[in-house]
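# Remarks on the overall topology
Chain residues, written in single-letter form:
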Amino acid sequence: MNLTDRLLQALAERGATEIFGIPGDFALPLFREIERSATLPLYTLSHEPGVGFAADAAARYRGGLGVAAVTYGAGAFNLVNAVAGAYAERVPLVVLSGAPAAHEAASGLLLHHQVKTLDSQWRVFEELTADRARLDDARQAPQQIARVLDTALRESRPVYLEIPRDMPQRPCDEVPVTAPHEPDPQALAACADELLERLRRARRPVLMVGVEVRRYGLEAKVATLARRLGIPVVTSFMGRGLLADADVPLLRGTYLGLAGDPVLSQEVETSDGLLLLGVIVSDTNFAVSAQRIDLRFAIQALGGRVVMGHHVYPDVPLSRLIDALLERVPATAPLVAPLRALATKGRHEPRRAEPSPVTPADIADAVNRLMQRHGPMPIACDVGDCLFTAMDIDPTALIAPGYYATMGYGVPAALGLQAATGQRPIVLVGDGAFQMTGWELGNAQRHGWDPIVIVFNNAGWEMLRAFEPEARFNDLSAWDFAQMAPGMGGDGARVEDCVGLEAALERAWGTRGRFQLIDVRLAQRDCSPTLQRFVGAVRRLAKGAAG
Ligand SMILES: Cc1ncc(Cc2csc(CCOP(=O)(O)OP(=O)(O)O)c2C)c(N)n1
Ligand SMILES: [Mg+2]
């Protein structure tokens with residue numbers, strides 16, 4: 001077995017089910033060995049940002065490691081933004097980069113793809129990853145691979161492996177399976193006891209679940225805990241879609257502060273026992289709070305530590321905390337009196353499919369009706385008004401860069417999701433974001449993927465226009481995406497009204513084996529109710545801050 005065989009085996013043992021990549025001469029030996037070994041399927045795409053987003057989505061949705069393989073220099077630097085987003089949103093993405101062979105590095109020549117020095121790329125990825133290794137010695141490689149991949153899983157962050165092109169075929173020993181890290185049992189017990197005591201004392205406890213609950217595969221356990229605790233449950237903005245398929249009677253919806261349901265927001269912001277499980281405390285999750293949530297009274301479990309008031313438990317992995325809490329909260333007696341499930345009503349009344357021009361809210365309603373007819377579908381969402389529109393879609397599995405907020409994520413993420421799970425996703429993407437990475441759809445048919453892609457075609461960067469209505473720099477021309485679909489191996493439909501949207505969605509759902517692109521023409525300056533509220537809230541808070 002050579003170094004590549006051992007690496008692929010170690011990746012598969014840690015949850016990877018495929019590799020996305022684009023080769024280059026510094027990575028040809030690695031790609032040749034990946035293809036020969038066939039341990040993991042190798043899916044090539046057209047541009048490295050798409051490779052990174054697809055690998056991110058595979059890890060984010062399926063759990064376990066996502067894998068992006070690229071060449072040195074131009075390929076790896078093209079991947080930077082996707083890896084940065086994975087770091088910010090705690091996704092265990094493994095970067096495999098080819099690199100110059102030892103004799104080339106020692107030649108003294110400036111090598112093609114090289115930047116300032118041969119280590120420039122390494123230094124850039126130091127800022128974007130939790131751990132790194134250069135596999136230039138086959139005797140050390142097994143330990144290095146084990147350490148780096150285990151760091152990715154433990155910290156749920158990207159990691160980087162640089163593989164000189166004279167190494168992939170080197171004989172190599174097996175990569176050891178290392179025992180999972182166990183926290184101090186007394187510290188864990190003290191933490192769980194204090195946390196539950198704080199919840200028991202609270203008059204208005206609320207549980208908010210965030211992205212780490214999915215990253216560590218804890219949704220089922222957290223749903224059980226939520227039922228046993230008997231307290232209201234909300235998701236963070238980034239955690240939208242979490243627990244959607246679970247039986248959590250008190251699941252209220254998504255906390256959006258001033259941009260969301262006022263009843264839900266008030267419950268969260270006035271809680272005297274706010275338990276944040278795996279919630280990234282970021283501006284996108286909390287910035288538009290009506291009143292600044294006093295996190296000193298919250299209980300925060302994130303990044304392997306728990307903070308309660310001024311007490312910090314530095315080494316309490318979320319999975320161990322959930323187990324300890326479940327041991328202490330039996331299925332019989334809910335922690336607090338079971339609350340009635342407040343049915344927080346939808347934010348807008350769904351309109352009938354009339355032959356009227358389409359608005360973003362109509363798209364949410366049409367997707368809801370499609371899923372009511374045919375069952376839930378996972379959603380890969382880009383950044384733009386489509387992400388705010390997604391808040392009006394009934395809870396279903398949703399992946400989106402809600403915090404790092406990079407455009408270009410939606411289409412490649414859908415391809416990664418379908419590659420990793422076989423599930424057919426819906427993509428919500430604006431015309432601007434589609435112009436960035438939507439072309440990856442051209443790879444869908446050869447890999448057997450067939451997402452349903454809904455393009456919010458408002459001929460502009462509407463989310464920015466909502467903040468700068470007078471600016472002309474947010475205007476785009478209306479590209480005819482429907483016309484372009486057949487040339488990429490899919491079917492396109494241009495939609496001008498709600499009746500057409502309903503028919504196009506039903507037709508798309510019934511057509512398999514080819515991606516379906518629905519080019520929805522939206523009026524400019526017609527944005528979703530949630531984006532309107534978000535912009536209003538940001539403006540009010542900014543005015544308040546200005547005094
Ligand atoms: C890689 C990157 N570059 C720029 C930006 C900044 C931005 C955030 S939202 C937005 C406009 C989105 O336009 P789109 O047409 O896709 O969607 P819609 O609002 O419905 O019109 C831009 C340019 C981000 N977030 N990421
Ligand atoms: Mg747009």
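Residues numbered from 1 in each chain as written. Chains lettered and ligands numbered in written order. Predicted model: local features only at pLDDT ≥ 70, side-chain atom pairs only at ≥ 80, totals over all residues. Heavy atoms only, no water.

If you tally the helices and strands in the chain, you get 23 helices and 19 strands. Against the compact-globule benchmark of 24 Å for 547 residues, the chain has a radius of gyration of 24 Å, which places it among compact chains. Taking the principal axes of its C-alpha atoms as reference, the chain extends roughly 65 × 65 × 50 Å. Counting the 547 residues in the chain, one finds 59% classified as buried. Expressed as a percentage of contacts within the chain between residues at least 6 apart in sequence, the contacts between residues at least 24 apart total 77%. Placing the 55 positive and 63 negative side-chain charges of the chain at their respective mean positions leaves the two points 4 Å apart. (Helix = DSSP H or I, 4+ residues; strand = E, 2+ residues; numbered from the N terminus. Rg over C-alpha atoms; globule rule 2.2 N^0.38 Å. Buried < 20%, exposed > 50% of the residue type's maximum accessible area, 1.4 Å probe, protein only. Contact = heavy atoms within 4.5 Å. Lys, Arg positive; Asp, Glu negative; His and termini not counted. Charge placed at Lys NZ, Arg CZ, Asp CG, Glu CD.)

Quick look at the UniProt feature "domain: Thiamine pyrophosphate enzyme TPP-binding" (unreviewed entry) in the chain now. Here, UniProt's "domain: Thiamine pyrophosphate enzyme TPP-binding" (unreviewed entry) annotation points to residues 383–520. Measuring from the first to the last C-alpha atom of residues 383–520 gives 17 Å, for a span that is 35% helix and 17% strand. (UniProt positions renumbered as here; feature names shortened; annotations may be inferred.)

Within a regular strand, the side chains alternate between the two sheet faces. Across four bridges, strand β5 (residues 131–134) lies against strand β6 (residues 159–164) in parallel orientation. From the neighbouring strand, Asp131 faces β6, where its bridge partner is Val159. (Pairing = 2+ DSSP bridges.)

This part is about the pattern of salt bridges. Tallied over the entire structure, the rule returns 37 salt bridges. Here Asp193 and Arg328 are joined by a salt bridge, their closest N and O atoms 2.7 Å apart. Of this pair, Asp193 sits in helix α9 (residues 185–201) while Arg328 sits in helix α14 (residues 318–328), and the two are 135 residues apart along the sequence. Here Asp193 falls in the partly exposed class, since its relative accessible area comes to 40%. (Salt bridge = Lys/Arg side-chain N within 4 Å of Asp/Glu carboxyl O.)

Adjacent strands of a sheet form backbone hydrogen bonds with each other and so pair up, either parallel or antiparallel. The sheet built from seven strands is open, its strands ordered β9-β8-β7-β10-β11-β12-β13 with mixed pairing. Of all the strands in the sheet, the pair left with one neighbour each is β9 (251–254) and β13 (311–313). This sheet shows a mean twist of 15 degrees between the axes of neighbouring strands, independent of strand direction. (Axes fitted to C-alpha atoms, helices over the stretch in contact; angles between N-to-C directions.)

A separate point is the packing of aromatic side chains. This structure, assessed with the given rule, holds 12 aromatic pairs. By way of ring pairs, the aromatic residues Phe434, Trp439, Trp479 and Phe481 are connected into one cluster. Its guanidinium or amino end placed over the ring of Tyr87, Arg157 lies 4.1 Å from that ring's centre, counting from NZ or CZ. (Phe/Tyr/Trp six-rings, centres within 6.5 Å; stacked < 30°, edge-to-face > 60°. Lys NZ or Arg CZ within 6 Å of the ring centre and 35° of its normal.)

Coordination of the magnesium ion (ligand 2) by the protein involves Asp431 (OD), Asn458 (OD1) and Gly460 (O), with metal-donor separations of 2.0 to 2.1 Å. Counting gaps between the donor residues of the magnesium ion (ligand 2) yields the pattern D-x26-N-x1-G. Of the two residues, Asp431 is situated in helix α18 (residues 431–437) and Asn458 in the loop between β17 (452–457) and α20 (462–465); the sequence distance between them amounts to 27 residues. For Asp431, a relative accessible area of 1% puts it in the buried group. (Donors = N, O, S within 2.8 Å, 3.2 Å for Na, K, Ca; no water.)

What follows covers the site of ligand 1. Lining the immediate surroundings of ligand 1 are 17 residues, of which Ala405, Asp431, Gly432, Ala433 and Glu462 lie closest. In this structure, Gly432 approaches ligand 1 through a main-chain N or O atom, which is 2.8 Å from an oxygen atom. A distance of 2.9 Å is found between an oxygen atom of ligand 1 and a backbone nitrogen or oxygen belonging to Gly460. Coverage of ligand 1 by the protein amounts to 80% of the 590 Å² it exposes when considered alone. Of all the secondary-structure elements, those providing two or more residues to the shell around ligand 1 are α18 and α20. Considering each element in turn, the shell around ligand 1 owes the most residues, four residues, to α18. When its residues are assigned to classes, the shell around ligand 1 shows eight nonpolar, six polar and three charged. (Near = heavy atom within 4 Å. Polar contact = N/O pair within 3.5 Å; in protein donor to acceptor, adjacent residues only side chain to side chain. Areas by Shrake-Rupley, 256 points an atom, 1.4 Å probe, with all protein chains shown as cover. Nonpolar A, V, L, I, M, F, W, Y, C, P; charged D, E, K, R; others polar.)

The phi torsion at Ala38 lies on the positive side, around 55 degrees, for a residue other than glycine. Note on placement: Ala38 falls in the loop between α2 (28–37) and β2 (42–44). The phi torsion at Ala459 lies on the positive side, around 50 degrees, for a residue other than glycine.

Ordered by their spatial adjacency, six strands build an open sheet running β2-β1-β3-β4-β6-β5, and the pairing between neighbours is parallel. Since the sheet does not close on itself, it has two edges, and those belong to β2 and β5, each with one partner. Going across the sheet, the axis of each strand differs from the next one's by a mean of 20 degrees, ignoring polarity. Across five bridges, the pairing between strand β3 (residues 66–70) and strand β4 (residues 93–99) is parallel. Its bridge partner being in β4, Gly66 is matched across the sheet by Leu93.

Between helix α11 (residues 219–229) and α14, the least distance of the axes is 10 Å, while the angle of their chain directions is 35 degrees. Considering the relative orientation of α11 and α14, their crossing is left-handed. Residue-level inspection shows Lys221, Val222, Thr224, Leu225 and Arg228 of α11 in contact with α14, the latter providing Ile322, Asp323, Leu325 and Leu326. A per-class count over the contact of α11 with α14 returns five nonpolar, one polar and three charged. (Left-handed = near helix turned anticlockwise from the far one by under 90°.)

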